[in-house]
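# Secondary and tertiary structure notes
Here is how the chains run, residue by residue.
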Amino acid sequence: MTAPSPLWSTLTDPLVRQNPVMLQILGICSALAVTTSMATALTMAASLTVVLVLSAGIISIIRRHIPDAIRLIVQIVIVASLVIVIDQILQAYLHDISQKLSVFVSLITTNCLVLGRTESYARLNPPVPSMVDALGNGLGYSLVLVVLGSLRELFGAGKLLGWQVLPLAEQGGWFTPMSLMLLAPSAFFLLGGLVWALRSLRPEQAEPAEFVPPVTREAGE
Amino acid sequence: MNDLAGLFLRAAFVENMPLSLFLGLCTFLALSRRTETAIGLGVAMIAVMGVTVPLNQLIYNALLMPGAWSWAGMPEVDLSYLSLIAFIGVIAATVQLLEMLLDRFFPAIHASFGVFLPLLTVQCAILAGSLFMVERHYTLAQSFVFGLGGGTGFAVAVIMLAAVRSRLAYADLPAGLRGLGIAFVLTGMMSLGFSSFAQMVAP
């Protein structure tokens, strides 16, 4: 990892090389549930990035004052307060989208990505690198969401951001929407395919084969 | 009684947390490498959800609901915006308790959980159980059954996935698909299968 500066690599590493969703298995729940359309995916990605950066900053500032034993509760309360603020803002200004997201905005609180990053990075590092790391991870998460959201909306409804891109067969065009794309299983297949594609491009991310599986947990991370 | 049985089946199979609502996938995928771990996780999920959902139902109805303070002469007080913090607090305390119990009595399971037991606090499925309970106005009995059903559905799904994955350890997969990739494809197939349960419980 020879990057020009440590901060820059902290920002760009999580985009592809250490992508939070595809490599660290963090934050998958929301990544799949909200990607039926681009608009919800973008809203979700923006909310999560804001919460992630702010919580990383706050926790990193007070990291020396948090007693180790109750740190989880402290972190969660900080994250939950930020999520309540975001939720209220969304309900006030983007009411339609917040209806579609339903409980998933509140579930940012329990997004493994937020707590995973504060627990493994912001708790141990000064504010500026922590916030940069959080921003990088937020962007990496957003990247996956946007890719999934655009694929599912394009093939599931022939639209992108609500605009009709592919002319539908029932309106005289040639495209028949694949409704499977809007259902749960396709999200799993797409993300699986995405992981496969990424790991074929970057073979160093592939997990080693498990020859003797039940004895040790050497495979994976 | 029949309603409660229906609710249990619905929570466990039709609205299966990981497979049809995408909830709790992080732990679902990360802890399904071995069947023993998966069974431990499943039992923990049933216990935590069975406790926290009714507990949160009590707290919400007694303290946070709009109008809950009318007995004290303050009918206009609406604390429902605090529900998120209250729910998370209850869940965190329950998980902490569970962690101490496991550490004391089942150190092997505790060790195999590793970093993921504290992350059970932030299990989307557990919090979502409480949030759905509020959204659908469940009574105490209903929320208990709903919690148990949701936990059972999670346990069934994670044990099945772990069983399939431990067989696949001997399969010759393409390098890029090993581990996480194939787990997603398997989950997708299981999700297809579970979607047929949608016909089982009449709305």
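Keep in mind that this is a model prediction, so the values were computed, not measured. (Residues numbered from 1 in each chain as written. Chains lettered and ligands numbered in written order. Predicted model: local features only at pLDDT ≥ 70, side-chain atom pairs only at ≥ 80, totals over all residues. Heavy atoms only, no water.)

### A closer look at the overall build of chain B
Secondary structure assignment for chain B yields 10 helices and zero strands. As displayed, chain B has an accessible area near 8700 Å², and 70% of this comes from carbon and sulfur atoms. (Helix = DSSP H or I, 4+ residues; strand = E, 2+ residues; numbered from the N terminus. Areas by Shrake-Rupley, 256 points an atom, 1.4 Å probe, with all protein chains shown as cover.)

### Structural notes on the pattern of salt bridges
Residues and elements named next belong to chain B. Under the criterion given, the structure shown has two salt bridges over all chains. The partner of Glu 15 in a salt bridge is Arg 10, and the shortest N-O contact between them spans 3.1 Å. According to the relative accessible area criterion, Glu 15 is buried, its value standing at 17%. Using a relative accessible area of 32% as the deciding quantity, one classes Arg 10 as partly exposed. Linked through salt bridges whose partners overlap, the residues forming this network are Arg 10, Glu 15 and Arg 136. (Salt bridge = Lys/Arg side-chain N within 4 Å of Asp/Glu carboxyl O. Buried < 20%, exposed > 50% of the residue type's maximum accessible area, 1.4 Å probe, protein only.)

### Focus on the environment of Tyr 138 of chain B
All names here are of chain B. Positionally, Tyr 138 belongs in the loop between α8 (124-135) and α9 (140-168). For Tyr 138, a relative accessible area of 9% translates into the label buried. Separated by 123 residues in the primary sequence, Tyr 138 and Glu 15 have C-alpha atoms spaced 16 Å apart. Setting aside residues no more than four positions away along its own chain, Tyr 138 makes contact with Leu 7, Gln 57, Met 133, Ser 143 and Phe 146. Within the local environment of Tyr 138, its side chain forms a polar contact with the side chain of Arg 136, the two groups lying 3.3 Å apart. (Contact = heavy atoms within 4.5 Å. Polar contact = N/O pair within 3.5 Å; in protein donor to acceptor, adjacent residues only side chain to side chain.)

### A closer look at the side chain of Thr 52 of chain B
Locating Thr 52 of chain B in the fold gives a position in helix α4 (residues 35-64). Apart from residues lying up to four places away in sequence, Thr 52 of chain B is in contact with Val 90, Ile 91, Thr 94, Ile 126 and Ser 130 of chain B.

### So, helix α6 (residues 112-122) of chain A
Counting buried residues in α6 of chain A gives 10 out of 11 residues, a clear majority hidden from the surface. When α6 of chain A is considered as a whole, its buried residues turn out to be Cys 112, Leu 113, Val 114, Leu 115, Gly 116, Arg 117, Thr 118, Glu 119, Tyr 121 and Ala 122 of chain A.

### What to know about the packing of aromatic side chains
Residues and elements named next belong to chain B. Following the criterion strictly, the structure yields four aromatic pairs over all chains and no others. Between the aromatic rings of Tyr 60 and Phe 87, the centroid separation amounts to 6.4 Å while the plane-to-plane angle is 55°, which identifies the pairing as tilted. Of this pair, Tyr 60 sits in helix α4 while Phe 87 sits in helix α5 (residues 83-105), and the two are 27 residues apart along the sequence. Residue Tyr 60 is classed as buried on the basis of its relative accessible area, which comes to 12%. A cation over a ring is seen here: Arg 136 above Phe 132, with NZ or CZ 4.6 Å from the ring centre. (Phe/Tyr/Trp six-rings, centres within 6.5 Å; stacked < 30°, edge-to-face > 60°. Lys NZ or Arg CZ within 6 Å of the ring centre and 35° of its normal.)

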